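What the coordinates show
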Amino acid sequence: MKQRILFVCLGNICRSPAAEAVMNARIAARGLQDVVETDSAGTYGGHSGDKADPRMRAAASQRGYTLTHRARRITEEDFDLFDMIVVMDDMNYESVSRLAPDREHLNRVYRFVEFCCHHPQWRYVPDPYYEGREGFELVLDLLEDGCDGLLDTIAGQQGQRG
């Protein structure tokens, strides 16, 4: 059974679609396409249907990632569709938590930085929208770190089940 992960940020045009692209690249590199599936969404619907921010697409492209996702807003139904909902910051955590239909579903919500191993000083993935190029690079550094940690966690869980 596939592990389904939903990455969530505010507008679904910077951090979460980049997390989805980074994770998909990591999944492919490890040959785990049959084990893990991803998507992304935002807590705000104002960008619904839009492509990822061009600055994030450019920064991601420099690292070999292609962002093809179209922004969408998270829905209550996503709690039934995904095993893990991984949020980028505390504001996203609060918004997503309020949307959870019950405590069981709330237990599916995680903070992305919980999976970061090489950036312990970060308590959240900062929103690069109002930042310069360095902000997008920092976000990608955090996403690469956390996606590796998340896949290691999933691999460990798969090993325990098998």
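Look above for the structure.
Quick caveat, the model's predicted, so the values are computed rather than measured.

Not every positive phi belongs to a glycine, and Asn-12 is a case in point at roughly 60 degrees. The exposure class of Asn-12 is buried, given its relative accessible area of 1%.

A few words now on the state of the cysteines. Summed over all chains, the structure comprises zero disulfides. Residue Cys-117 stays outside any disulfide, its sulfur separated by 7.5 Å from that of Cys-116, the closest cysteine. In this structure Cys-117 comes out as exposed when scored by relative accessible area, which is 53%. The cysteine Cys-147 is free of any disulfide, with Cys-116 supplying the nearest cysteine sulfur at 8.6 Å. On the basis of relative accessible area, Cys-147 is assigned to the buried category, the value being 0%.

Evaluated as defined, the whole model comprises four aromatic pairs. Relative to Tyr-124, the ring of Trp-122 lies with its centre 6.2 Å away and its plane at 85 degrees, an arrangement referred to as edge-to-face. Assessed through its relative accessible area of 24%, Trp-122 is described here as partly exposed. Look at Tyr-124 and you get partly exposed, because its relative accessible area is 39%. Ring geometry for Tyr-129 against Tyr-130: centres 4.8 Å apart, planes inclined by 85 degrees, an arrangement best described as edge-to-face. Judged by relative accessible area, Tyr-130 falls into the exposed class, the value being 74%. If you follow Arg-4 out to its NZ or CZ, it ends over the ring of Phe-82, 4.5 Å from the centre. The positively charged end of Arg-111 is found above the aromatic ring belonging to Tyr-93, 3.7 Å away from the centroid.

Next up on the list: the pattern of salt bridges. For the coordinates displayed, the defined rule picks out 15 salt bridges. Asp-89 is the partner of Arg-15 in a salt bridge, and the nearest nitrogen-oxygen pair spans 2.9 Å. Note that Arg-15 is positioned in helix H1 (residues 15-29) and Asp-89 in the loop between strand S3 (84-87) and helix H4 (90-99), a separation of 74 residues in sequence. Here Arg-72 and Asp-39 are joined by a salt bridge, their closest N and O atoms 3.2 Å apart. Residue Arg-72 is found in the loop between helix H2 (54-62) and helix H3 (78-81), and its partner Asp-39 is found in strand S2 (residues 36-42); the two are separated by 33 residues along the sequence. Arg-72 gets classed as partly exposed once you look at its relative accessible area, which sits at 22%. Overall, the relative accessible area of 19% leaves Asp-39 in the buried class.

A word on H2. Listed in full, the buried residues belonging to H2 are Met-56, Ala-59 and Ala-60. Burial along H2 is one-sided: seen end-on, the buried residues are contained in an arc of 100 degrees. Facing away from the buried side of H2 by more than 90 degrees, the exposed set consists of Pro-54 and Gln-62. In this structure Asp-53 caps H2, since a side-chain oxygen of it lies 2.7 Å from the backbone nitrogen of Arg-55.

Ranked by internal contacts, the top residues of the largest apolar core, which has 37 residues, are Ile-5, Phe-7, Phe-112, Leu-143 and Leu-150. Listed by contribution, the elements that provide at least two residues to this core are strand S1 (3-9), H1, H2, S3 and helix H6 (133-161). Once you skip the residues sitting within four places of it in the chain, Leu-150 turns out to touch Ile-5, Phe-7, Met-23, Met-84, Val-86 and Phe-115. In this structure, Leu-6, Val-96, Ala-100 and Val-109 belong to the second largest nonpolar core, which totals 12 residues.

Criteria and thresholds
- Think of each chain on its own: its residues are numbered from 1, step by step along the sequence as written.
- Per-residue local features of the predicted model are confined to residues with pLDDT of at least 70, and side-chain atom pairs are confined, for both listing and counting, to 80 or more; whole-chain, interface and lining totals are unaffected and use all residues.
- To get the side-chain values, take all heavy atoms of the structure and skip hydrogens and water.
- Residue burial is assigned from relative accessible area. The probe radius is 1.4 Å, only protein chains are included, and a residue is buried under 20% of its type maximum, exposed over 50%, and partly exposed in between.
- Cysteine sulfur atoms that pair up within 2.5 Å are treated as a disulfide.
- To pair, rings of Phe, Tyr and Trp, with the six-membered ring standing in for Trp, must have centres within 6.5 Å; the planes then decide the type, stacked if under 30 degrees apart, edge-to-face if over 60, and tilted in the middle.
- Over a ring means this: the NZ of a Lys or the CZ of an Arg is within 6 Å of the ring centre and within 35 degrees of the ring normal.
- Any carboxyl oxygen of Asp or Glu within 4 Å of a side-chain nitrogen of Lys or Arg constitutes a salt bridge here.
- Secondary structure elements follow DSSP: runs of H or I no shorter than four residues count as helices, runs of E no shorter than two count as strands, and numbering proceeds from the N terminus.
- The reported arc concerns the directions from the helix axis to the C-beta atoms and nothing else.
- For the purposes of these results, a polar contact is taken to be a pair of N or O atoms within 3.5 Å, where, inside protein, one atom must be able to donate a hydrogen and its partner to accept one; residues adjacent in sequence count only when each atom of the pair is a side-chain atom.
- Each nonpolar core is a collection of buried residues, namely Ala, Val, Leu, Ile, Met, Phe, Trp, Tyr and Cys, held together in the definition by side-chain atoms within 4.5 Å.
- It only takes one pair of heavy atoms within 4.5 Å for two residues to be counted as in contact.

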